[in-house]
Amino acid sequence: MTKKKRGCGLMIVLLLTATLIFGVRWAWKYYRLPSLPDRKEYKTLEERSDKALAYAKAHNMSEKYAIFVDYGLPSGTPRMFMWDFEKQEVIATTYVMHGPGGGSTAERARFSNKPGSKCSALGRFMVTRDHGIRLKRSYRLKGMDLDNQSAYARGLMIHPAKWVNSMCWKEYIPLNATACSGCVTVASRGMDQIVYMVNKERKPLLLWNYCSKGDSD
């Protein structure tokens, strides 16, 4: 065998090996869900759950499920937590990317509730059963706090994106204005669980977005 053929063979082996490693890493990160948060993050959820339940009762929302998103965690880490009030535990998680506006980077989100900002928004929201015009597999969000009441008018939704599916193997999901311009944009598997909870409950779900690290604008 000539040196040229041996070199080509080696390159093919290396390429196949790299492809296999990438495929295994992607599959492990995507299909291993649900993944429980670290103890520190879990404690934060437990502390918020009582407040969330009291708020849900006061505003005629589901007393069975709620959704929490911690934008302080890397987007390549599951940072949406679907909470069961009765069991007092996380029943599912998924990846969430954030909007590119306000000088946001993949590593750090900047937040705003201003229309046209393309920023993700913080606070408490009602997950309505209304769908987006172009994204039928979606739920529009109604802002429940004084500083996020423009959410519905902005067209903010929970919806899935193939971009999140394909990029979740990274530590930080790259920004993509086409996939997310401020919505709560999740992986498809996570959306399956959200659809299940919304359909199971007669009352709307509470979504609570917060950032355990950093400040909002």
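Residues numbered from 1 in each chain as written. Predicted model: local features only at pLDDT ≥ 70, side-chain atom pairs only at ≥ 80, totals over all residues. Heavy atoms only, no water.

Caption draft 1: Quick peek at the sheet that holds strand 4 (residues 96–97). Within the open sheet, the nine strands sit side by side as 3-2-1-9-5-6-7-8-4. Their pairing is mixed. Bordering the open sheet on either side are strand 3 (89–94) and strand 4, each of which pairs with just one other strand. Looking at chain direction, strand 1 (residues 65–70) and strand 2 (residues 80–84) are connected through five bridges and run antiparallel. From the neighbouring strand, isoleucine 67 faces strand 2, where its bridge partner is methionine 82. Its contacts with the sheet place helix 2 (residues 39–58) against strand 1, strand 2, strand 3, strand 5 (123–127) and strand 9 (205–210), and it is angled at close to 135° to strand 9. (Pairing = 2+ DSSP bridges. Helix = DSSP H or I, 4+ residues; strand = E, 2+ residues; numbered from the N terminus. Contact = heavy atoms within 4.5 Å. Axes fitted to C-alpha atoms, helices over the stretch in contact; angles between N-to-C directions.)

Caption draft 2: Looking closely at the layout of surface pockets. Considering only enclosed or pocket space, the largest pocket measures out at about 520 Å³ in volume. Along its surface, the largest pocket is lined by 24 residues, and Arg134, Leu135, Met157, Ser181 and Cys183 are the ones closest to its centre. The element best represented in the lining of the largest pocket is strand 7 (residues 157–160), accounting for three residues. Residue composition of the lining of the largest pocket, by class: ten nonpolar, nine polar and five charged. (1 Å grid on protein atoms, 1.4 Å probe; cavity = no way out; pocket = protein on both sides within 12 Å on 5 of 7 lines; lining within 4 Å. Points joined across faces, edges and corners; volume = space filled by probe spheres on them. Nonpolar A, V, L, I, M, F, W, Y, C, P; charged D, E, K, R; others polar.)

Caption draft 3: A look at the nonpolar core. Ranked by size, the top nonpolar core spans 30 residues in total, and within it Ile67, Met80, Ile158, Val184, Ile194 and Leu207 carry the most contacts. For this core, the secondary-structure elements that each account for two or more residues are strand 1, strand 2, strand 5, strand 6 (139–143), strand 7, strand 8 (184–186), helix 5 (188–200) and strand 9. The biggest single contributor to this core is helix 5, with five residues. Leu45, Ala66, Trp83 and Tyr210 belong to the second largest nonpolar core, which has 19 residues in total. (Core = buried A, V, L, I, M, F, W, Y, C linked by side-chain atoms within 4.5 Å. Buried < 20%, exposed > 50% of the residue type's maximum accessible area, 1.4 Å probe, protein only.)

Caption draft 4: Main features of the pairing of strand 1. When you tally the buried positions in strand 1, you get six out of six residues, the bulk of the element. Burial along strand 1 is two-sided: the face carrying Tyr65, Ile67 and Val69 and the face carrying Ala66, Phe68 and Asp70 are both buried.

Caption draft 5: Here's a closer look at the packing of aromatic side chains. Summed over the entire model, instances satisfying the criterion amount to four aromatic pairs. Ring geometry for phenylalanine 68 against tryptophan 83: centres 6.5 Å apart, planes inclined by 90°, an arrangement best described as edge-to-face. Note that phenylalanine 68 is positioned in strand 1 and tryptophan 83 in strand 2, a separation of 15 residues in sequence. A residue is classified by how much of its surface remains accessible, and phenylalanine 68, at 0% relative accessible area, is buried. (Phe/Tyr/Trp six-rings, centres within 6.5 Å; stacked < 30°, edge-to-face > 60°.)

Caption draft 6: Region of interest: helix 2. With 20 residues, helix 2 ought to run about 28 Å at 1.5 Å a step, and its terminal C-alpha atoms sit 29 Å apart, in line with that. The axis of helix 2 is deflected most strongly, by about 30°, at serine 49. Every buried residue of helix 2 is accounted for by Glu41, Tyr42, Leu45, Ser49, Ala52, Leu53, Tyr55 and Ala56. Buried residues belonging to helix 2 abut strand 1, strand 2, strand 3, strand 5 and strand 9. (Expected span 1.5 Å × (residues − 1). Bend = angle between axes of the 7 residues up to and from the residue.)

Caption draft 7: Highlighting the side chain of lysine 64. Tracing the backbone shows lysine 64 in the loop between helix 2 and strand 1. Among the residues examined, lysine 64 registers a relative accessible area of 15% and is labelled buried. At 3.0 Å, the side chain of lysine 64 forms a polar contact with the side chain of aspartate 84. In contact with lysine 64, other than residues within four places in its own chain, are Trp83, Asp84, Phe85, Glu86 and Glu201. (Polar contact = N/O pair within 3.5 Å; in protein donor to acceptor, adjacent residues only side chain to side chain.)

Caption draft 8: View of the environment of glycine 101. As for its placement among the helices and strands, glycine 101 is situated in the loop between strand 4 and strand 5. Sequence spacing of glycine 101 and leucine 175 is 74 residues, and the spatial spacing of their C-alpha atoms is 9.6 Å. Discounting residues that sit within four places of it in the chain, glycine 101 has contacts with Arg110, Ser117, Lys118 and Cys119.

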